[in-house]
Number of protein chains: 2
Amino acid sequence: MSITIKDIAKKAEVSYATVSRALTNHPEINEETRRKVLQIAHEMGYRPNAIAKGLVTKNSRTLGLIIPDITNPFLSEVAQGMGDYASQNGYQVFLCNCNWDVQREKEHLSKLLSSRVDGIVIAPVSDDISHILRHKEEIPIVFAAYKPNAEKCSFVTTEDVRNVSLAMEYLVKLGHKKIAYIGGPESNSADIARFHGYRSILEKNAIAMEPHYVIHDQYTISSGYRNTKQILENCDLPTAVLAGNDIVALGVIQAIEEFGLSVPGDISVIGFDDISYASLNKIQLTTIHQPKYKIGELSAKVLIDRIQNPEEKKDSYEILESKLIIRKTCRGISSY
Amino acid sequence: MSITIKDIAKKAEVSYATVSRALTNHPEINEETRRKVLQIAHEMGYRPNAIAKGLVTKNSRTLGLIIPDITNPFLSEVAQGMGDYASQNGYQVFLCNCNWDVQREKEHLSKLLSSRVDGIVIAPVSDDISHILRHKEEIPIVFAAYKPNAEKCSFVTTEDVRNVSLAMEYLVKLGHKKIAYIGGPESNSADIARFHGYRSILEKNAIAMEPHYVIHDQYTISSGYRNTKQILENCDLPTAVLAGNDIVALGVIQAIEEFGLSVPGDISVIGFDDISYASLNKIQLTTIHQPKYKIGELSAKVLIDRIQNPEEKKDSYEILESKLIIRKTCRGISSY
DNA sequence: ATAATGATCGTAAACGTTTACGAAGGGTGA
DNA sequence: TCACCCTTCGTAAACGTTTACGATCATTAT
């Protein structure tokens, strides 16, 4: 169908090995014939077949990125960071969205492996990553926004447990004791770490955990909304809620205000990620800032480094800093 | 390195053609030997090499999606829709983000072509799509959220000019005459259509266009903010602003409120797309709803249909409806 | 018994590249 | 002049599949 190296060879009256050499900047070729070949290739509108090339060279200059939800501002910014870095380094990325579905995560992983991408970065849906680790000898894998507790893994993330401490210590310092937790999917890695942090700070401050105050659901606005409503209608009112991330926090605020209460007047709300909408003056969400773009960028860097230096250490990682951003959805309360 | 068909053949004591037949559900094979081969393949952890397969079958079960900005909620939802549909039909999508950079769009297009994806859907950065059309004989291409004015093109979009009419007629009906337009990148397809609509409704209602009221910049919050500030500080105040999309509108509102004015008290604001944040009760943005997910889904459908029935018409398209969502950022004014 | 048929499988070519190896030719030094 | 080397190029194998074609064998019909 399309033009191949042989077509060019015929027209240029050289062997097709020579054409290949011309196209790949191989040194063993006369400069003049190279120019001639390139000229003809260009005239004929030749486009190299990356598939065939990949078959013999065993690399595709292609990376895979698997994320739970492309619609999530945190993750899409991670994807952007990775895409930019990859692009600048001559790699292209296969972005795969699995809609919080582990099954689809597996399918994507499998297809990526079949496609022989050069490496994969993944923000796992679930904390059970055994199906991922199974392939870490076949192909370079780096975890993004997740810290696997396994040997010899690459990852780049922030320290989620510590992040939560930032938020929780702040809340406690403000005098809050009745703090609800509205997180993400129960088996999700981020949720597990954040919930763990939530519990440990509670313990540390000798505050009993109220089971009705903790809910694991989805990382969506409507989940935050729905579950907050549920708490408001059925429980003793909390004085603060720690949302699993910013979009959940937006739903939480929505529910509180619809319930006739005010944020932070009656209930304080703190989020996670610091998405761009959080800083709007209509929102002014107090939250934990995460270096989203940087996470994506560094994930790509760590991955590409590992691809290009396969013999080096297999467990390079980066732990980035996050910080508390105090805006206007939390306030101090008098302890009584 | 990894296990090939030949390794299986050796172990199963058959030819590798037989192995291939077993793996591809070919009819010309004994059911018993198929089972044996599949069993061994599974035991050995065989993973088909999609590259090699693609070389001979000439298709990769892979689609490309090129969008200007993955961070944009409109576009990420389009991507989600496309990904879901593709996934359900056994295709995987190569999502490429070009950060509003035409150069990167070209690079991605070129790499996608080299990778021999089966088809491409693209939401073009610029209204100049000649570099894209050049390839429409080589590979099925469908435009998403864009209506190309060229022959024999597939696309799925809403009618942007009509969408703007919805917004502008509403504004005019409310009594607004001094309407600012803060749009996207000047050469961007959506911006061109929307601006065109803006002008024609102005004309239709015999309202002179005030040049200082029209600004083309980026589709970001900060662009909306920056340019609105610019107008507020230097011009006669408009009574309404038509924002290029919802995130721009958020920036617009931000600027107006920081300027000490209120929305819609002093200035009405109308957006575009109806992103999920627009319906928050803190925001309540009046906007034009677009079927984002549906656009992605249908783009994938149209593309896959064309891939699977190459002989059919090459210009299948879908034009979806959008609608005005009246919330609380616009109000009527008395004409004087 | 013989021919025809159908099921099952193997052989080999093909897909479009890269690359190891060897060959040819010209240049250089002694 | 001869031996050697370097540059440049062609031949052919390899990458891991699919698939057209032919071969074999058993089954069936005549």
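Notes on the structure follow.

### Topic: the pattern of salt bridges
All names here are of chain A.
Thinking step 1. Evaluated as defined, the whole model comprises 27 salt bridges over all chains.
Thinking step 2. Where Asp236 meets Lys178, a salt bridge forms, and the shortest distance between an N and an O atom there is 3.0 Å. Linking Asp236 in the loop between helix H10 (221-234) and strand S8 (240-243) with Lys178 in the loop between helix H8 (160-173) and strand S6 (179-183), this pair joins segments that are 58 residues apart in sequence.
Thinking step 3. The exposure class of Asp236 is exposed, given its relative accessible area of 53%.
Thinking step 4. Linked by salt bridges that have partners in common, Asp160, Arg194 and Asp273 make up one network.

### What about the sheet that holds strand S2 (residues 92-97) of chain B?
Residue and element names in this part refer to chain B.
Thinking step 1. Strand order in the open sheet formed by 6 strands is S2-S1-S3-S4-S5-S11, and the pairing between neighbours is parallel. Either end of the sheet is taken by a strand with one partner, and the two such strands are S2 and strand S11 (317-320). This sheet shows a mean twist of 15 degrees between the axes of neighbouring strands, independent of strand direction.
Thinking step 2. Bridge analysis of strand S4 (residues 141-144) against strand S5 (residues 154-158) gives 3 bridges, and the strand direction is parallel. From the neighbouring strand, Phe143 faces S5, where its bridge partner is Phe155.

### Looking at the protein's contact with DNA strand C
Thinking step 1. Close to DNA strand C lie 28 residues; Ser20(A), Thr18(B), Arg21(B), Asn30(B) and Thr33(B) are nearest.
Thinking step 2. Looking at DNA strand C alone, sugar and phosphate atoms form 62% of those within 4 Å of the protein.
Thinking step 3. Separating a phosphate oxygen of DNA strand C from a side-chain N or O atom of Ser15(B) is a distance of 2.8 Å.
Thinking step 4. At 3.0 Å, a side-chain N or O of Thr33(B) approaches a phosphate oxygen of DNA strand C.
Thinking step 5. For the surface near DNA strand C, the secondary structure elements donating two or more residues are helix H1 (5-12), helix H2 (16-23) and helix H4 (50-57) of chain A together with helix H2 (16-23) and helix H4 (50-57) of chain B.
Thinking step 6. Considered class by class, the residues forming the surface near DNA strand C number 13 nonpolar, 9 polar and 6 charged.

### Here's the deal with the interface of chain A and chain B
Note: interface size is frequently given as the accessible area lost on complex formation between the parts.
Thinking step 1. Contacts between the two partners involve 58 residues from chain A, matched on the other side by 58 residues from chain B.
Thinking step 2. When residues of chain A are sorted by the area they lose upon contact with chain B, Arg47(A), Gln92(A) and Lys282(A) head the list and together hold 16% of the total.
Thinking step 3. Along the contact surface separating chain A from chain B lie 4 salt bridges.
Thinking step 4. Of all the secondary structure elements, the ones that give two or more residues to the side of chain A that touches chain B are H4, helix H5 (73-88), strand S2 (92-97), helix H6 (102-114) and helix H11 (246-258) of chain A.
Thinking step 5. When grouped by side-chain class, the residues that make up the side of chain A that touches chain B number 23 nonpolar, 22 polar and 13 charged.

### Quick word on helix H3 (residues 31-43) of chain B
Residues and elements named next belong to chain B.
Thinking step 1. Spanning 13 residues, H3 covers 18 Å between terminal C-alpha atoms, matching the ideal 18 Å at 1.5 Å per step.
Thinking step 2. On the buried face of H3, the contacting elements are helix H1 (5-12) and H2.
Thinking step 3. For H3, the capping residue at the N-terminal end is Asn30, with a side-chain oxygen 2.6 Å from the backbone nitrogen of Glu32.
Thinking step 4. Looking at the residues trailing H3, positive phi occurs at Gly45, about 70 degrees.

### Concerning the packing of H1(A) against helix H3 (residues 31-44) of chain A
Residues and elements named next belong to chain A.
Thinking step 1. The N-to-C vectors of H1 and H3 enclose an angle of 120 degrees; their axes lie 10 Å apart at closest approach. By the criterion of interaxial angle, the relationship of H1 to H3 is oblique. At the point where H1 passes H3, the crossing takes the right-handed sense. Taking contact as the criterion, the partners of Asp7, Ile8, Lys11 and Ala12 in H1 are, on H3, Lys36, Val37, Ile40, Ala41 and Met44.
Thinking step 2. Class assignment for the residues of the contact of H1 with H3 results in 6 nonpolar, no polar and 3 charged.

### Brief notes about the protein's contact with DNA strand D
Thinking step 1. The environment of DNA strand D is made up of 28 residues, and the closest members are Thr18(A), Arg21(A), Asn30(A), Thr33(A) and Ser20(B).
Thinking step 2. Among atoms of DNA strand D positioned within 4 Å of the protein, sugar and phosphate together represent 62%.
Thinking step 3. Measuring from a phosphate oxygen of DNA strand D, one finds a side-chain N or O atom of Lys58(A) at 2.9 Å.
Thinking step 4. Of all the secondary structure elements, the ones that give two or more residues to the surface near DNA strand D are H2 and H4 of chain A together with H1, H2 and H4 of chain B.
Thinking step 5. Looking at which element gives the most residues to the surface near DNA strand D, the answer is H4(B), with 5 residues.

### Quick look at the relation of the copies chain A and chain B
Relating one copy of the chain to the other requires a rotation about an axis plus a shift along that axis.
Thinking step 1. Expressed as a screw operation, the relation of chain A to chain B combines 0.0 Å of axial shift with a rotation of 180 degrees, fitting to an RMSD of 0.1 Å. Taken together, the rotation angle and the small translation identify this as a two-fold axis. When C-alpha positions in chain A are compared against the rotation axis, the closest is assigned to Phe94(A), at 2.3 Å.
Thinking step 2. The fraction of interface residues of chain A whose copies in chain B are also interface residues reaches 100%, indicating that both copies meet through the same surface.

### Describing the nonpolar core
Thinking step 1. In this structure, Tyr198(A), Leu242(A), Tyr198(B) and Leu242(B) are the most contacted members of the largest nonpolar core, which totals 100 residues.
Thinking step 2. Setting aside residues up to four positions removed in sequence, Tyr198(A) forms contacts with Val164(A), Met168(A), Ile179(A), Ala180(A), Tyr181(A), Met209(A), Tyr213(A), Val214(A) and Leu242(A).

### Some remarks on the sheet that holds strand S6 (residues 179-183) of chain B
All names here are of chain B.
Thinking step 1. Taken in spatial order, the 4 strands make up an open sheet running S7-S6-S8-S9, and their pairing is parallel. Only two strands of the sheet have a single neighbouring strand rather than two, namely strand S7 (214-216) and strand S9 (268-270). Pairs of neighbouring strands in the sheet enclose a mean axial angle of 15 degrees, with direction left out of account.
Thinking step 2. With 3 bridges joining them, strand S8 (residues 240-243) and S9 adopt parallel strand pairing. Opposite Leu242, over in S9, you have Ile270 as the bridge partner.
Thinking step 3. Across the face of the sheet, helix H9 (residues 189-204) comes into contact with S6, S7 and S8 while running at roughly 170 degrees to S6.
Thinking step 4. The sheet strands contacting helix H10 (residues 221-234) are S6 and S7, and the helix crosses S6 at an angle near 150 degrees.

### A closer look at the side chain of Arg104(B)
Thinking step 1. By secondary structure assignment, the location of Arg104(B) is in helix H6 (residues 102-114).
Thinking step 2. A polar contact of 3.3 Å, which involves the side chain of Arg104(B), links it to the side chain of Ser87(A).
Thinking step 3. Look past the residues within four positions of Arg104(B) in its chain and what remains in contact with it is Gly83(A), Asp84(A), Ser87(A), Asn97(B), Cys98(B) and Asn99(B).

### Remarks on the pairing of S2(B)
Residues and elements named next belong to chain B.
Thinking step 1. With 6 of its 6 residues buried, S2 lies for the most part within the structure.
Thinking step 2. Burial along S2 is two-sided: Gln92, Phe94 and Cys96 and Val93, Leu95 and Asn97, pointing in opposite directions, are all buried.
Thinking step 3. With 6 bridges connecting them, strand S1 (residues 62-67) and S2 associate as parallel partners. Across the sheet, Gly64 pairs through a bridge with Phe94, a residue of S2.
Thinking step 4. Handedness of the crossover joining S1 and S2 through helix H5 (residues 73-88) is recorded here as right-handed.

Conventions adopted
- Residues numbered from 1 in each chain as written.
- Chains lettered and ligands numbered in written order.
- Predicted model: local features only at pLDDT ≥ 70, side-chain atom pairs only at ≥ 80, totals over all residues.
- Heavy atoms only, no water.
- Salt bridge = Lys/Arg side-chain N within 4 Å of Asp/Glu carboxyl O.
- Helix = DSSP H or I, 4+ residues; strand = E, 2+ residues; numbered from the N terminus.
- Buried < 20%, exposed > 50% of the residue type's maximum accessible area, 1.4 Å probe, protein only.
- Pairing = 2+ DSSP bridges.
- Axes fitted to C-alpha atoms, helices over the stretch in contact; angles between N-to-C directions.
- Near = heavy atom within 4 Å.
- Polar contact = N/O pair within 3.5 Å; in protein donor to acceptor, adjacent residues only side chain to side chain.
- Nonpolar A, V, L, I, M, F, W, Y, C, P; charged D, E, K, R; others polar.
- Contact = heavy atoms within 4.5 Å.
- Buried area = accessible area lost by both parts, 1.4 Å probe.
- Expected span 1.5 Å × (residues − 1).
- Parallel < 35°, antiparallel > 145°, perpendicular 65-115°, else oblique.
- Left-handed = near helix turned anticlockwise from the far one by under 90°.
- Least-squares fit on C-alpha atoms with pLDDT ≥ 70 in both.
- Core = buried A, V, L, I, M, F, W, Y, C linked by side-chain atoms within 4.5 Å.
- Right-handed = clockwise from strand over helix to strand, strands pointing away.

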